[in-house]
Amino acid sequence: MTNEMEMRLKGYGLTTAEILYRMPDHPSLLQKFIWQHYDLAPEFPEMKSFLKFWKDKIEGPLHSVRYVHWKLISPTEWRALKGDFILH
């Protein structure tokens, strides 16, 4: 498994999805689920895999999915700095 920094350098960014779904026993009620994972935009393979799992295995039918993606770091933003911080 690759570590977090390697994933970020490969273009992965933090994806957060707000999933609204219907309660199985009370279909008129909506419940919210928040999902976060590192994913690769614009294909979002991790999120698509999770939503497929949800549809196949979880009883609460999906109402809507809103998501944001934040690419935290890219190779062009990474730079090595050398310096010291002296405190007291």
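Residues numbered from 1 in each chain as written. Predicted model: local features only at pLDDT ≥ 70, side-chain atom pairs only at ≥ 80, totals over all residues. Heavy atoms only, no water.

## Topic: the side chain of Thr15
Logical step 1: Mapped onto the fold, Thr15 is located in strand β1 (residues 13–22).
Logical step 2: Leave out the neighbours within four places in its chain, and Thr15 touches Trp35, Gln36, His37, Asp39, Phe44, Met47, Val68 and His69. (Helix = DSSP H or I, 4+ residues; strand = E, 2+ residues; numbered from the N terminus. Contact = heavy atoms within 4.5 Å.)

## A look at the nonpolar core
Logical step 1: In terms of nonpolar packing, the biggest core is built from 9 residues, these being Ala17, Ile19, Tyr21, Trp35, Phe44, Met47, Phe50, Leu51 and Trp54.
Logical step 2: At the level of secondary structure, the elements contributing two or more residues to this core comprise β1 and α2 (45–57).
Logical step 3: In terms of residues, this core owes the most to one element, α2, which gives 4 residues.
Logical step 4: Ignoring sequence-local partners within four residues, the contact set of Trp35 consists of Thr15, Thr16, Ala17, Ile19, Glu46, Met47 and Phe50. (Core = buried A, V, L, I, M, F, W, Y, C linked by side-chain atoms within 4.5 Å. Buried < 20%, exposed > 50% of the residue type's maximum accessible area, 1.4 Å probe, protein only.)

## Some points on the pattern of salt bridges
Logical step 1: Counting across every chain of the model gives 3 salt bridges.
Logical step 2: Here Arg66 and Glu18 are joined by a salt bridge, their closest N and O atoms 2.9 Å apart. Of this pair, Arg66 sits in strand β3 (residues 62–70) while Glu18 sits in strand β1; the two residues are 48 residues apart in sequence, bridging distant segments of the chain.
Logical step 3: Residue classification places Glu18 among the buried residues on the basis of a relative accessible area of 17%.
Logical step 4: Each of Glu18, Lys32 and Arg66 takes part in a single network of salt bridges with overlapping partners. (Salt bridge = Lys/Arg side-chain N within 4 Å of Asp/Glu carboxyl O.)

## Side note on unusual backbone geometry
Logical step 1: Following Ala41, the chain continues to Pro42 via a peptide bond in cis, the omega torsion being 5°.
Logical step 2: Here Pro42 shows up in the loop between β2 (30–39) and α2.
Logical step 3: Phi at Phe44 takes a positive value of approximately 50°, unusual for a residue other than glycine.
Logical step 4: Turning to its location among the elements, Phe44 is positioned in the loop between β2 and α2.
Logical step 5: Relative accessible area serves as the criterion here: at 8%, Phe44 is assigned to the buried category.

## Focus on the environment of Leu40
Logical step 1: Examined against the element boundaries, Leu40 turns out to sit in the loop between β2 and α2.
Logical step 2: With relative accessibility at 26%, the residue Leu40 sits in the partly exposed group.
Logical step 3: A C-alpha to C-alpha distance of 9.2 Å links Leu40 and Met7, two positions 33 residues apart in sequence.

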